[in-house]
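Chain and residue survey
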Amino acid sequence: MEIESLRVSVDEKVLKDEEKNEKEEMKMKMKMKRKLGGVKTMPFILGNEVCDRFASSGFHSNIITYLTQDLNMPLVPASNILTNFAATSSFTSLIGALIADSFAGRFWTITIASIIYELGMVTITISAILPSLHPPPCPTQINCTQASGTQLMILYLALLLTSLGAGGIRPCVVAFAADQFDMTKVGIAGRTWNFFNWYYFCMGMATLTALTVVVYIQDNVGWGWGFGLPTIAMALSVVAFVVGSPLYNKLKPSGSPLVRLAQVVVAAFKNRKAVLPDDSKLLYRNHELDAAIAIQGRLVHTDQFKWLDKAAVITSPDSTANPPNLWRLATVHRVEELKSIIRMLPIWAAGILLVTASSHQHSFTIQQARTMNRHLTPTFQIPPATLSIFGILSMLTGLVLYDRLLVPFAKKLTHNPSGITCLQRMGVGFAINILATLVSSIVEIKRKKVAANHGLLDNPTATIPFSVFWLVPQFWLHGIAEVFMSVGHLEFMYDQSPESLRSTATALYWLAISVGNYIGTLMVYLVHKYTGEEHNWLPDRNLNRGRLEYYYWLVSGIQVMNLVYYVICAWFYTYKPLEEEKINIENKDGDQEWERCEDTIKIA
């Protein structure tokens, strides 16, 4: 009896020691976590991204002018080249995300990709400086000598390097910056600001600076300095990012997410004849196995796509060996990872046609602006690409009003920490974008009418006495649409994706842009090819004789159909449920105690 009591006492002591050690270990982890990350990392991360956005905006915003005016390329081929490389940049984002999530981590992926991007910037700057790398000037835009094959190869090399670099930067920077904060529902509710809103605000300020300073230099000083300044900014961004390395919260890569998703599909197929248990709690769970991919909480079982649940059915006692054969048995968390991605795909797909509709509008609008009266004073006129500042200004203004007025008001009605859900936010953006395209068509009709009244339809280089500020409303509407659609889409992809797939999910955002741009290129090619020679909707040289308003009507119709599709998908969408770990921080002595408790919540 005494021996038994002694044994119980020893067991209790061991248990208490284990609990004490666990608490101490957890204290140390949380202290380390608080030392890393947080607001103090933002000057380095956002400094990198601001310089990167300044460089990319300065490089891409006016390059249609460089192609058509300095390389003497026709409008449609030049616009298609830019759209194709923009699509390539977005497509390589998926590759960059997989590299980051699988083995390299976000920090090193961003660093290496930034260096590759810088090499592309250096290449395009050198090509702009050396006269031998571009054709003779052609101010009349009639019978021009186009760029040679060698000159175009230098251009393609520069665009390819920037596309590869952007593929590593884009999907990782947002996720890496968000990693520095507590992005759980409890953490979001405890803040008075929205990370994604302020991220976009900083990027908008960088773009605004590029559109005013860099574009002016490109149009009035020269392309050497016009490309050189963004190149210098990109070099500074790499330095700023690396200097902040000791402060970052760097999450370790948890293995290839595509392999994990494939394992679930294979396991479900192998167990296809297995009978699902009536109680989902009997499905296989292994918290230790999932620890590295479920730091913020485990995904809770859902009843959707129940066929995939067969991957978590325990078919024999031997199958649960530690570790199990993941090609034959998957945990519930891993099954739910795949379900989350499948649920997101219809919403993600809605962004494709939106990009298709707007893929060439920037290029065409710059060409419209070049024909219009851009004078602010008798001696100063606005560079065509600078008009984009009105879209940026509306976006910046909209973000502040959204964060400071709309969200607090919506919170009182919806009791949602974000005010409205990501899906509601995106839907508003879809609708505003349709209105912006319709306004674009009306302005183009008016522009050509004024050109006809003054006998300027056959003079592509003449200035039509029609103020360029007629283009401002469509830029303003596009900027407001971005506040809702772009920010909402990015937040949706980050929030609803499993935490171990967030770089990959952010890459899906860019993949939608990639596919949309490729489809846009195909659509413009077909429109240009099959709308005839005499009244072509998108002529090569003389936009005054085109039918650009018809193109805008076409994309407006596409967007209307896309909005209907989106509303149906959003109506049936199910937000991911998650088990979060909450922590009580202070005891009566002011010391920190850590207590685990699980709460099943719906992330909205």
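Small disclaimer: the values here were computed from a predicted structure and weren't measured.

Moving on, we come to the environment of Ala 233. Mapped onto the fold, Ala 233 is located in helix 8 (residues 223-243). Judged by relative accessible area, which is 10%, Ala 233 ranks as buried. In sequence terms Ala 233 and Ser 56 are 177 residues apart; their C-alpha atoms lie 9.7 Å from each other.

What follows concerns a nonpolar patch on the surface. A contiguous nonpolar surface patch, about 490 Å² in accessible area, is contributed by Phe 91, Ile 95, Ile 99, Phe 103 and Tyr 518. At 4 residues, the largest contribution of residues to the nonpolar patch is made by helix 4 (residues 75-129). Tracing the chain through its elements places Ile 99 in helix 4. Residue classification places Ile 99 among the partly exposed positions, given a relative accessible area of 33%.

Moving on, we come to the confidence of the model for the protein. Averaged over every residue, the pLDDT of the protein is 78; the share at 70 or more is 85%. Low pLDDT, under 50, characterises residues 581-604; the predicted model gives this stretch 60 contacts beyond four residues in sequence or across chains.

A few words now on helix 5 (residues 149-178). Here helix 5 contains 30 residues, and its C-alpha end-to-end distance of 44 Å stays within 8% of the 44 Å for a straight helix at 1.5 Å per residue. Bending of helix 5 peaks at approximately 35° at the position of Cys 172. Among the 30 residues of helix 5, 21 are classified as buried, and the element is accordingly described as predominantly covered.

The biggest cluster of nonpolar side chains holds 138 residues, and the ones touching the most others in it are Tyr 66, Leu 67, Ile 347, Phe 492 and Tyr 551. Broken down by element, this core gets its largest block of residues, 14 residues, from helix 4. Split by domain, the residues of this core number at least three in each of domain 1 (40-183 + 191-250) and domain 2 (343-581 + 599-603). With sequence-adjacent residues up to four places away left out, Leu 67 is seen in contact with Asn 72, Met 73, Ala 78, Leu 82 and Leu 155. Residues Phe 54, Ala 210, Val 214 and Ala 233 belong to the second largest nonpolar core, which totals 5 residues.

This paragraph deals with the pairing of strand 5 (residues 464-467). Residues of strand 5 alternate between two faces, with Ile 464 and Phe 466 buried on one and Pro 465 and Ser 467 left unburied on the opposite face. As defined by bridge partners, strand 2 (residues 372-373) adjoins strand 5 across 2 bridges and the pair is classed as parallel. Of the residues in strand 5, the one forming a bridge with Met 372 is Ile 464.

Moving on: the packing of aromatic side chains. One pass over the structure, following the stated rule, counts 18 aromatic pairs. Measuring from centroid to centroid gives 5.2 Å for Tyr 66 and Phe 227, while their planes differ by 80°, and the two rings are edge-to-face. One end of the pair, Tyr 66, is in helix 3 (residues 63-70); the other, Phe 227, is in helix 8, with 161 residues separating them in the sequence. For the pair shown, Tyr 66 and Phe 227 are each scored as buried. Aromatic side chains Phe 430 and Tyr 566 sit 4.7 Å apart centroid to centroid with 45° between the ring planes, which places their arrangement in the tilted category. Within this pair, whereas Phe 430 is found in helix 14 (residues 422-453), its partner Tyr 566 is found in helix 17 (residues 548-572), the two being separated by 136 residues in sequence. We classify Phe 430 as buried; its relative accessible area is 2%.

Conventions and cut-offs
- Residues numbered from 1 in each chain as written.
- Predicted model: local features only at pLDDT ≥ 70, side-chain atom pairs only at ≥ 80, totals over all residues.
- Heavy atoms only, no water.
- Helix = DSSP H or I, 4+ residues; strand = E, 2+ residues; numbered from the N terminus.
- Buried < 20%, exposed > 50% of the residue type's maximum accessible area, 1.4 Å probe, protein only.
- Patch = residues over 30% accessible without salt bridge, like charges linked within 9 Å, V, L, I, M, F, W, Y side chains within 5 Å.
- Areas by Shrake-Rupley, 256 points an atom, 1.4 Å probe, with all protein chains shown as cover.
- Salt bridge = Lys/Arg side-chain N within 4 Å of Asp/Glu carboxyl O.
- pLDDT = per-residue confidence, 0-100.
- Contact = heavy atoms within 4.5 Å.
- Expected span 1.5 Å × (residues − 1).
- Bend = angle between axes of the 7 residues up to and from the residue.
- Core = buried A, V, L, I, M, F, W, Y, C linked by side-chain atoms within 4.5 Å.
- Domains from an automatic or database assignment.
- Pairing = 2+ DSSP bridges.
- Phe/Tyr/Trp six-rings, centres within 6.5 Å; stacked < 30°, edge-to-face > 60°.

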